[in-house]
Amino acid sequence: MLDIENLRVEYRPKGFRRPPFVAVDDVSLAIAEGETLGLVGESGSGKTTIGRALLGLAPVSGGRITFEDTDISHLNRRERRVISRDIQVVFQDPYSSLNPSMTVGDILSEPLRVQGVGGREAQARIASLLDQVGLPQDAVRRLPREFSGGQRQRVGIARALALSPRLIVCDEPVSALDLTTQARVLDLFLDIQEQTGVAYLFISHDLDVVRHISHRIAVLYRSRLVEMGDAIELTDMPRHPYTKRLLASSPVLDPDKQAARREERQRLSYV
Ligand SMILES: Nc1ncnc2c1ncn2[C@@H]1O[C@H](COP(=O)(O)OP(=O)(O)O)[C@@H](O)[C@H]1O
Ligand SMILES: [Mg+2]
């Protein structure tokens, strides 16, 4: 469904003759219908930039992004609006990504209105979206601040689902949540995929989170992919030293596992 070929994203710094900064370098990956591809890597490795390039928010300096055989690397605003029915996004911080002065009802109406859906049809759609993400119906009249972090993220997910997209870019969508809430929201992502067949590009710095939700995992290191494969295989038998380090540094709750990870981390710091 989605094909990213040799993607390169350069940022041009201000100032005469300063070389461009390469945030993403020669990245190729594909996502099939209904699949979750986890994208993992440390802070600054270029994860968000890949997601933004996909959404038309970062410049594609080289390579190509195709969605269902349509080149979407360089769309104009009208073409982008059309494709935004199919490709949506959930951000990390549910608070800053939701307008604090809009009710949840207004927040969910907005994407529908942009695509020309209003009135009764919109109301019915919003009611079913709230159901789908496990929020009460009276949420429509309430403001984001009246909700907990996990519930706010459910609002963000409902907004992304409003137009029945085929692919959702999830950029660290559980990173701001406590561990129990993380687990619940991850389960919600899984349920939604089962019901709708939506695909996810699931971005996280936490390999444990990504392993839980992904079919396949791609590992990004300093703007390049270093390893990609089946989620279980890659985390059970990581090949690249960076993946091993990442695995050793992701937090686990089980104290025995924790101790084993700590030893592993010490061993790997000499690699
Ligand atoms: N708009 C921008 N202009 C210049 N540099 C940027 C911009 N956005 C991101 N970068 C740089 O690109 C690199 C990758 O950033 P990002 O994709 O946000 O990484 P990640 O999401 O993996 O933490 C970082 O070094 C960051 O500073
Ligand atoms: Mg990021």
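None of these values were measured; they are calculated from a predicted model.

Parameters and conventions
- Residues numbered from 1 in each chain as written.
- Chains lettered and ligands numbered in written order.
- Predicted model: local features only at pLDDT ≥ 70, side-chain atom pairs only at ≥ 80, totals over all residues.
- Heavy atoms only, no water.
- Near = heavy atom within 4 Å.
- Polar contact = N/O pair within 3.5 Å; in protein donor to acceptor, adjacent residues only side chain to side chain.
- Areas by Shrake-Rupley, 256 points an atom, 1.4 Å probe, with all protein chains shown as cover.
- Helix = DSSP H or I, 4+ residues; strand = E, 2+ residues; numbered from the N terminus.
- Nonpolar A, V, L, I, M, F, W, Y, C, P; charged D, E, K, R; others polar.
- Contact = heavy atoms within 4.5 Å.
- Pairing = 2+ DSSP bridges.
- Axes fitted to C-alpha atoms, helices over the stretch in contact; angles between N-to-C directions.
- Salt bridge = Lys/Arg side-chain N within 4 Å of Asp/Glu carboxyl O.
- Buried < 20%, exposed > 50% of the residue type's maximum accessible area, 1.4 Å probe, protein only.
- Parallel < 35°, antiparallel > 145°, perpendicular 65-115°, else oblique.
- Left-handed = near helix turned anticlockwise from the far one by under 90°.

Another point: the site of ligand 1. With respect to spatial proximity, the complete set of residues near ligand 1 consists of Tyr 11, Phe 21, Ala 23, Glu 42, Ser 43, Gly 44, Ser 45, Gly 46, Lys 47, Thr 48 and Thr 49. Residue Gly 44 places a main-chain N or O atom 2.6 Å away from an oxygen atom belonging to ligand 1. Contact between ligand 1 and Thr 48: an oxygen atom at 2.8 Å from a side-chain N or O atom of the residue. In isolation ligand 1 exposes 560 Å². Once the protein is present, 57% of that is buried. Going through the elements one at a time, strand 2 (21-31) and helix 1 (47-54) are the ones with two or more residues in the shell around ligand 1. It is helix 1 that provides the largest number of residues to the shell around ligand 1, a total of 3 residues. By residue class, the composition of the shell around ligand 1 is 3 nonpolar, 6 polar and 2 charged.

With respect to the helices, strands and loops of the structure, Thr 235 is situated in helix 8 (residues 231-236). There is a polar contact of 2.7 Å between the side chain of Thr 235 and the backbone oxygen of Ala 231. Thr 235 has contacts with Leu 207, Arg 211, Ile 217 and Leu 247, leaving out every residue within four places of it along the chain.

What follows covers the sheet that holds strand 4 (residues 62-67). Taken in spatial order, the 4 strands make up an open sheet running 2-1-4-5, and their pairing is antiparallel. Unpaired on one side and paired on the other, strand 2 and strand 5 (70-71) mark the two borders of the sheet. When strand 4 meets strand 5, the two strands line up antiparallel, connected through 2 bridges. Note on strand 5: the bridge partner recorded for Phe 67 is Thr 70. Packing against the sheet, helix 1 makes contact with strand 1 (2-11), strand 2 and strand 4, and its axis sits at approximately 115 degrees to strand 1.

Before going further, it helps to spend a moment on the pattern of salt bridges. Overall, the coordinates contain 12 salt bridges when judged by the stated rule. Ionic pairing is found between Arg 166 and Glu 33, a salt bridge with its closest N-O pair at 2.5 Å. With Arg 166 in the loop between helix 5 (149-161) and strand 7 (167-171) and Glu 33 in the loop between strand 2 and strand 3 (36-40), the pair connects residues that are 133 residues apart, well separated along the chain.

This brings us to the pairing of strand 7. Burial within strand 7 is extensive, with 5 of its 5 residues counted as buried. Side chains Leu 167, Val 169 and Asp 171 of strand 7 all project onto a buried face; the interleaved residues Ile 168 and Cys 170 project onto the opposite face, where all are buried too. In this structure, strand 6 (residues 87-90) lies alongside strand 7, joined through 4 bridges in parallel fashion. Bridge assignment links Val 89 to a residue of strand 7, and that residue is Val 169. Of the strand pairs in this sheet, strand 7 and strand 8 (residues 199-204) are connected by 5 bridges, and their pairing is parallel. If you follow Val 169 over to strand 8, its bridge partner there is Leu 201.

Our focus in this paragraph is the packing of helix 5 against helix 6 (residues 179-196). Between helix 5 and helix 6, the least distance of the axes is 10 Å, while the angle of their chain directions is 20 degrees. Considering their axes alone, helix 5 and helix 6 lie roughly parallel with respect to each other. Judged by the twist between their axes, the crossing of helix 5 over helix 6 is right-handed. On helix 6, the residues that touch Gly 150, Gln 153, Arg 154, Ile 157 and Leu 161 of helix 5 are Thr 181, Arg 184, Val 185, Leu 188, Phe 189 and Ile 192. Residue classes in the contact of helix 5 with helix 6 are distributed as 6 nonpolar, 3 polar and 2 charged.

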